[in-house]
Amino acid sequence: MRSFGNGQDQMVYRKRFAGSLLLGIQYRMHPSIAAFSSALFYDSMLATPDSLAAQRQFPRILNKLMPCGNPDIGVRFINVGGRCNEKRGEANKFTRTVSTQVSSTIQEESTTYSNEAEAVRVVALIREIMKKSDPSDPMSPKSIGV
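Residues numbered from 1 in each chain as written. Predicted model: local features only at pLDDT ≥ 70, side-chain atom pairs only at ≥ 80, totals over all residues. Heavy atoms only, no water.

### Considerations on the overall build of the protein
And then number 1: If you tally the helices and strands in the protein, you get five helices and four strands.
And then number 2: When the helices and strands of the protein are read in sequence order from the N terminus, they spell out α-α-α-α-β-β-β-β-α.
And then number 3: Across the 146 residues that make up the protein, the buried fraction comes to 21%. (Helix = DSSP H or I, 4+ residues; strand = E, 2+ residues; numbered from the N terminus. Buried < 20%, exposed > 50% of the residue type's maximum accessible area, 1.4 Å probe, protein only.)

### Comments concerning the packing of aromatic side chains
And then number 1: For the structure shown, the criterion picks out one aromatic pair.
And then number 2: Centre to centre, the rings of F36 and F77 are 5.3 Å apart; their planes meet at 65°, and the pair counts as edge-to-face. With F36 in helix 2 (residues 31-41) and F77 in the loop between helix 4 (60-65) and strand 1 (87-88), this pair connects stretches of sequence that are 41 residues apart.
And then number 3: By relative accessible area, which is 36% here, F36 ends up partly exposed. (Phe/Tyr/Trp six-rings, centres within 6.5 Å; stacked < 30°, edge-to-face > 60°.)

### Details of helix 2
And then number 1: Listing the buried residues of helix 2 in full gives S32, A34, S37 and S38.
And then number 2: Directly beyond the C-terminal end of helix 2, a positive phi value near 50° is found at D43.

Right under this line is the structure:
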């Protein structure tokens, strides 16, 4: 496992998130995806066992479809074009809502967002992966979680 640096880093981290329960070790994601999440959300304090890299190998088909200078990196960013493509969902009984007071009325606002351009690109990529996957390849995806 990756070390977290000196004790001072851990102390600052604990003070910053005092009262929060944060994950310390993760076992589900590819290590390079976890490293991205760790750096962005956990101040690089989220660890991944080294053995997970062998168990969660990046599918070869993705390296063919989306080449990268380092094929061991399991994170790819795709520009879907446009700006401000997100749409706020409508408040309903299935979404978490935040009440805000505007003037003298209380409004319910949804905390959910959708991005049609991203969804279209993800579906197209999954179709391409499944179409080009080799069933005899043990690293070929049998199922894809999104």
